[in-house]
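In case you want the letters, here they are:
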Amino acid sequence: MILIAESLNIMSQTIGPALKGRDPKPVQEMAKKEAEAGADYIDLNIGPARKEGEAFMEWVIKTVQEVTDKPLSLDTTNLSAMEAGLKVCRNKTLMNSISLQPNRMEPGLKIARQYNSDLIGLLWGAEGMPRDANERALHTVDFLLKANEMGIPNENIWIDPIVTPISVEINQVKACVEFTAMLAEIAPGCKSTCGLSNVSNGTPANLRPYLNRTYLIMLMRNGMQSAIVDVFDTELVKIARGEKPELVSLVHRMMDGEQVDITRLSPEEAKYARTVRVLTGASLYSHSWLEV
Ligand code: THG
């Protein structure tokens, strides 16, 4: 599992002000900590960056490259900031991301080819969010047709099915898992990735890790190859590295329909079992799902 560290993010309460204020020290400290925690890639999320996006992206990249050689994921919807970033990256790059929106897909793909960059194909279509697994599959086929036609091979493309918060829509949470299982057949050679922490957005902060970790196990089982994650969650990193086989087995058995007696599990395992139940839709999500 390829882990992309999510914390260098303009929206963040902690690091956002340093990014906006072009304060290099905290940004470099964060990048170093992410690398030490096990990040394979570092995501640099500068948001839409409407004002001076090019200079901003260049600054963030140069600042981070002074302290780490990890490959970078350039996270912005501003294509000229993206291009400016690709010019100054030393290592291989990941464009995060190119959606299927008309007027955005082609220019994005053109830049990806020009700079020979890997790219995330975000399954956001002309009508916005895909409604189910099948619509995700259709978007994937459309995206790959266009990319291949422009000379970009599947091997450079990481498909992102778009993870949505469980507090918003359980059917979308399920559709993502379902679609992930279909991907190898539809898109041979492609990689896959997702914004894992999206699933727990809007849920109590101390409980978010259970949703993130359990969902990661479910997605990995269906073939998810990478994820944008909180690498400071050490349990999550262990799961990604295959160091939690018993927990993984519990989640798999529940995914296969085994009726697990939660009262016979350890308190920690019971939390994961309850979380599987809400992520599969077997029980309804509420902010107190771990207690019911
Ligand atoms: N797909 C792709 N890229 C993405 C996403 C995706 N990039 C952005 C996002 N989604 C993934 N990154 C994050 C980063 C932070 C959080 C969630 C997803 C997050 N942060 C905490 C919060 O907002 O409460 C803490 C922030 C803070 O430090 O204050 O949840 O889906 N391709």
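Shown above is the structure to which this text applies.
Residues numbered from 1 in each chain as written. Predicted model: local features only at pLDDT ≥ 70, side-chain atom pairs only at ≥ 80, totals over all residues. Heavy atoms only, no water.

**Digging into the site of the ligand**
In the vicinity of the ligand, 15 residues are found, and the nearest of them are Q13, D75, N96, D160 and N198. Contacts to the ligand include G195, whose backbone N or O atom sits 3.5 Å from an oxygen atom. Burial of the ligand by the protein chains amounts to 72% of its free accessible area of 670 Å². (Near = heavy atom within 4 Å. Polar contact = N/O pair within 3.5 Å; in protein donor to acceptor, adjacent residues only side chain to side chain. Areas by Shrake-Rupley, 256 points an atom, 1.4 Å probe, with all protein chains shown as cover.)

**Focus: the nonpolar core**
Counting 89 residues, the largest nonpolar core has F143 and Y215 as the members making the most contacts within it. Looking at which element gives the most residues to this core, the answer is helix α8 (residues 208-221), with seven residues. One finds I4, L94, W158 and I228 within the second-largest nonpolar core, a separate group that totals six residues. (Core = buried A, V, L, I, M, F, W, Y, C linked by side-chain atoms within 4.5 Å. Buried < 20%, exposed > 50% of the residue type's maximum accessible area, 1.4 Å probe, protein only. Helix = DSSP H or I, 4+ residues; strand = E, 2+ residues; numbered from the N terminus.)

**Observations regarding the pattern of salt bridges**
A pair can form between side chains of opposite charge whenever their charged atoms are brought close. Tallied over the full model, the rule gives twelve salt bridges. The residue K244 makes a salt bridge to E235 at a minimum N-O spacing of 3.1 Å. Shared partners join several salt bridges into a network, and the residues in it are E106, K146 and E149. (Salt bridge = Lys/Arg side-chain N within 4 Å of Asp/Glu carboxyl O.)

**Concerning helix α6 (residues 133-149)**
Between its first and last C-alpha atoms α6 spans 24 Å; for 17 residues at 1.5 Å apiece the expected length is 24 Å, and the two agree. For α6, the full list of buried residues reads A133, E135, R136, A137, H139, T140, F143, L144, K146 and A147. Looking at the buried positions of α6, the neighbouring elements they touch are β4 (93-99), α5 (105-114), β5 (118-122), β6 (157-160) and α7 (170-186). Where α6 ends, the next residue or the one after it, G151, has phi of about 95 degrees, a positive value. (Expected span 1.5 Å × (residues − 1). Contact = heavy atoms within 4.5 Å.)

**Quick look at the sheet that holds strand β1 (residues 2-5)**
Spatially, the eight strands line up as an open sheet ordered β7-β6-β5-β4-β3-β2-β1-β8, and their pairing is parallel. In this open sheet, the two strands that pair with only one neighbour each are β7 (191-192) and β8 (226-229). Pairing of strand β3 (residues 72-76) with β4 involves four bridges; the strand directions are parallel. Paired with L72 across the strands is T93, a residue of β4. Sheet strands touched by helix α3 (residues 53-65): β2 (41-47) and β3. Its angle to β2, the strand with the most contacts, is close to 155 degrees. Sheet strands touched by α5: β4 and β5. Its angle to β4, the strand with the most contacts, is close to 165 degrees. (Pairing = 2+ DSSP bridges. Axes fitted to C-alpha atoms, helices over the stretch in contact; angles between N-to-C directions.)

**What to know about the packing of α7 against α8**
Closest axis-to-axis distance for the α7/α8 pair is 8 Å, and the angle between their directions is 30 degrees. By the angle between their directions, the pair α7 and α8 is classed as roughly parallel. Contact residues: α7 offers V173, C176, V177 and T180, while α8 offers Y215, M218 and L219. Of the residues assigned to the contact of α7 with α8, the class counts are six nonpolar, one polar and no charged. (Parallel < 35°, antiparallel > 145°, perpendicular 65-115°, else oblique. Nonpolar A, V, L, I, M, F, W, Y, C, P; charged D, E, K, R; others polar.)

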